[in-house]
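Close look at the chain arrangement
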Amino acid sequence: MTGGFMVFLFFQMVRTWKTYRWRRWFFVALGLLFPVGFIHNVIAMRGTMGIPIEEMIAGRTPFCFIPIPLLILPAALTKTLVFPGSILPNGGMSGGGMAAMAGIWLAATIVVGKGWCSYACFFGGIEEGMAAVPAKAKLSKIDSRWRLGPWAVLLAMVLLSLALFEPAYCMWLCPFKAVSEYVAARNTVGSVQNGIFILLFATLVVALPLLTKKRTQCAFFCPFGAFQSIFNKASVFEVKIDRSRCTPCVLCQKSCPTLALNDESIVRGETLMSCMKCGACVDACPKDAAVWHIRGTEVAAKPERARLMFLYAAWAMAIMFGGSIIAGGLATILHVFL
Ligand code: SF4
Ligand code: SF4
């Protein structure tokens, strides 16, 4: 079923020349089915989603890519990994070692840059699904300074992780703990941590996407998103504006789920470094002026070839990361209900 689903979506992306419209089906399915399979597995193995802190420190928890930037300073200064997951090849509940997963992340990141956040992240689909629900945004005026949010969270969490010698984001701020595994609440501190997770999830992943039609957790909060932005320049693929065709009507800007376009960037013919290559602006542009682009070539030089080359890489990554998760979630549903 998953194979058929992924092939169908890819076929439609190629046939209709629309990227975002079809990618969104995959991404929302991934976001909704990840917690289904994950929670089922955690409860089957442990009987609860609450994991004792000692288990986390011992590395007996599944890999998650979000704390990767928090590891760097403690590892560089003390040669110790503070990570809620095992580095061993067979470590963690998922059976996947952190070193192997981090290697796959690095390879994928070099190819697609921040496209990771649109084609591999198994969390972003929940808010993308929420953002798709209302026909119109009730809250459309968003101060551009909110774009700095992920950088502020990244800086604060990197420094706090170094000071506390623990992955501070996982312990205190990750909204997705509400739909995965969290620190077992054995005292007031644990209860406060879990309260924060639920509050952040309800606000950033559910309420604000419903009000703004934006991926608010990704755009204003996620430290991993900021970290991925740094790698965007490493990727040969980007989305650009062909100034010779642009009117400018700013429909692309309105359609961007992460505010990665503004008036100035459109005039320059560029997307901001936070662009996650989702393709919404390309789909929305009535003049075919928002285009996929390969660095080092003329803008709009064979944009469809650039799109296809990007899509082959991004969809391979989507199948590799998301395919097994979607299949696992579907299998869980079938197992429970049939
Ligand atoms: S939607 Fe197209 S034409 Fe309108 S501003 Fe964006 S790139 Fe220019
Ligand atoms: S600029 Fe375009 S491709 Fe980039 S995140 Fe925004 S809508 Fe997606």
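Residues numbered from 1 in each chain as written. Chains lettered and ligands numbered in written order. Predicted model: local features only at pLDDT ≥ 70, side-chain atom pairs only at ≥ 80, totals over all residues. Heavy atoms only, no water.

Some thoughts on the overall build of the chain
Condition: Put simply, DSSP H or I for four residues or longer makes a helix, DSSP E for two residues or longer makes a strand, and each gets a number counted from the N terminus. With the radius of gyration taken over C-alpha atoms, the globule rule is written as 2.2 Å times the number of residues to the power 0.38. Using a 1.4 Å probe on the protein chains alone, a residue whose accessible area is under 20% of its type maximum counts as buried, one over 50% counts as exposed, and one in between counts as partly exposed.
Each helix and strand counted, the chain has 16 helices and four strands in total. In summary, the chain has a C-alpha radius of gyration of 20 Å against a globular reference of 20 Å for 338 residues, a match within 12%. With the C-alpha coordinates of the chain rotated into their principal frame, the extents come out at 60 × 50 × 40 Å. The buried share of the chain, reckoned over its 338 residues, is 52%.

A look at the domain arrangement of the chain
Interface size is often expressed as the accessible area that is lost when the parts come together. Rules: Domain delimitation follows an automatic or database domain assignment. Buried area counts how much accessible surface, traced with a 1.4 Å probe, disappears from two parts once they are put together, with both parts' losses summed. Each salt bridge in this description consists of a side-chain nitrogen of Lys or Arg and a carboxyl oxygen of Asp or Glu lying within 4 Å of one another. Side-chain atoms alone can form a polar contact between residues adjacent in sequence; in general such a contact is a pair of N or O atoms within 3.5 Å, and within protein one must be able to donate a hydrogen while the other accepts it. Classes in brief: Ala, Val, Leu, Ile, Met, Phe, Trp, Tyr, Cys and Pro nonpolar; Asp, Glu, Lys and Arg charged; the others, Gly included, polar.
Splitting the chain by domain gives domain 1 (2–230 + 307–337) and domain 2 (236–303). Inter-centroid distance (C-alpha atoms) of domain 1 to domain 2 is 26 Å. Here domain 1 and domain 2 share an interface that buries about 2000 Å² over both sides, 60% of which is from carbon and sulfur atoms. Inspection of the domain 1/domain 2 interface yields zero salt bridges. At the junction of domain 1 with domain 2, the criterion picks out 13 residue pairs in polar contact (both at pLDDT 80 or more). Those elements that provide at least two residues to the side of domain 1 that touches domain 2 are α2 (20–46), α5 (98–112), α6 (116–119), α11 (216–220), α12 (223–231) and α16 (303–337). Split by residue class, the side of domain 1 that touches domain 2 holds 14 nonpolar, five polar and eight charged.

Focus: the site of ligand 2
Convention followed: In this text, near means that some heavy atom of the residue lies within 4 Å of the molecule or strand in question.
Near ligand 2, the surroundings consist of 14 residues, among which C256, C275, C278, G279 and C281 are the closest. Split by residue class, the shell around ligand 2 holds 10 nonpolar, three polar and one charged.

Looking at helix α1 (residues 2–16)
For clarity, the threshold we go by: Expected helix span is computed as 1.5 Å times (number of residues minus one). This arc is built from the directions going out from the helix axis to the C-beta atoms. Here, two residues are considered to be in contact whenever any of their heavy atoms come within 4.5 Å of each other.
The terminal C-alpha atoms of α1, which comprises 15 residues, lie 21 Å apart, in line with the 21 Å expected from a rise of 1.5 Å per residue. Those residues of α1 lying buried are T2, M6, L9, F10, Q12 and M13. Burial along α1 is one-sided: seen end-on, the buried residues are contained in an arc of 160°. Facing away from the buried side of α1 by over 90 degrees, the exposed positions are V7, F11 and R15. On its buried face, α1 is in contact with α2 and α16. Just downstream of α1 lies W17, where phi reads positive at about 65°.

What to know about unusual backbone geometry
Phi is mostly negative for residues that are not glycine, and the peptide bonds are mostly trans. Between T247 and the following residue, P248, the backbone shows a cis peptide bond with an omega angle of -10°. With respect to the element layout, P248 can be found in the loop between β3 (237–241) and α13 (251–255). One non-glycine residue, V250, lies in the positive phi region at around 60°. Residue placement: V250 occurs in the loop between β3 and α13. Looking at V250, the relative accessible area reads 26%, which means it is partly exposed.

Looking at the confidence of the model for the chain
Basically, it comes down to this: Scored from 0 to 100, pLDDT reflects the predictor's confidence in each residue.
Chain-level pLDDT for the chain is 87 on average; 91% of the residues reach the 70-or-more range. With pLDDT under 50 throughout, residues 88–95 is counted as low confidence; its partners more than four residues away or in other chains account for 22 contacts.

Re the nonpolar core
The nonpolar side chains of a soluble globular protein tend to be buried with one another. Short version of the rule: Here the nonpolar core consists of buried residues drawn from Ala, Val, Leu, Ile, Met, Phe, Trp, Tyr and Cys, with membership extended through side-chain atoms lying within 4.5 Å.
Of all hydrophobic cores here, the largest spans 79 residues; its most connected members are F26, W116, Y119, F224 and W315. Of the domains in this structure, domain 1 (2–230 + 307–337) and domain 2 (236–303) are the two that each give at least three residues to this core. For F224, the residues in contact, after removing those within four places along its chain, are F65, I66, I68, P69, W105 and W116.

Structural notes on a nonpolar patch on the surface
Just so we agree on the cut-off: Each patch is built from salt-bridge-free residues with over 30% relative accessible area, joining like charges within 9 Å and nonpolar side chains (Val, Leu, Ile, Met, Phe, Trp, Tyr) within 5 Å. Note on areas: Shrake-Rupley, 1.4 Å probe, and residue coverage restricted to the protein chains presented here.
Together, V36, I333, V336 and F337 line one region of the surface with nonpolar side chains, adding up to about 360 Å² of accessible area. Looking at which element gives the most residues to the nonpolar patch, the answer is α16, with three residues. Mapped onto the elements, F337 comes out in helix α16.

Here we look at the pattern of salt bridges
In this structure the tally under the stated criterion is seven salt bridges. Note that E128 is salt-bridged to R23, the shortest N-O span being 2.4 Å. Taken as a pair, E128 in helix α7 (residues 124–132) and R23 in helix α2 lie far apart in primary sequence, 105 residues in all. Accessibility expressed as a relative area gives 0% for R23, which makes it buried.

Observations concerning the pairing of β3
The following threshold applies: Strands are treated as partners if at least two bridges between them are detected by DSSP.
In terms of residue burial, β3 counts as a mostly covered element, since five of its five residues are buried. Every second residue of β3 is oriented toward a common face, with F237, V239 and I241 on one face and E238 and K240 on the other, all of them buried. The pairing of β3 with strand β4 (residues 290–294) spans five bridges and is classified as antiparallel. Its bridge partner being in β4, K240 is matched across the sheet by V291.

Regarding the packing of aromatic side chains
So the rule is basically this: Stacked, tilted and edge-to-face pairs are distinguished by plane angle, under 30 degrees for stacked and over 60 for edge-to-face with tilted covering the rest, among Phe, Tyr and Trp rings (Trp via its six-membered ring) whose centres lie within 6.5 Å. Sitting over a ring, as applied to charges here, requires NZ of Lys or CZ of Arg to be within 6 Å of the ring centre and within 35 degrees of the ring normal.
A full pass over the atoms with the stated rule returns 20 aromatic pairs. Taking the centre distance of 5.2 Å and the plane angle of 50° together, the rings of F10 and Y312 count as tilted. With F10 in helix α1 and Y312 in helix α16, this residue pair connects regions lying 302 residues apart in the sequence. Accessibility expressed as a relative area gives 15% for F10, which makes it buried. Taking 6.1 Å as the distance between ring centres and 50° as the angle between the ring planes, the aromatic pair formed by F224 and F227 counts as tilted. Of this pair, F224 and F227 both sit in helix α12, separated by three residues, roughly a single helical turn. Classification of F224 by relative accessible area gives buried; the value is 1%. Residue class for F227 comes out buried when judged on its relative accessible area of 9%. Among the aromatic residues, those joined into a cluster by ring pairs are F34, F38, F122, F123, F176 and F201. A cation over an aromatic ring shows up here: R23 above the ring of F27, its NZ or CZ 4.9 Å from the ring centre.

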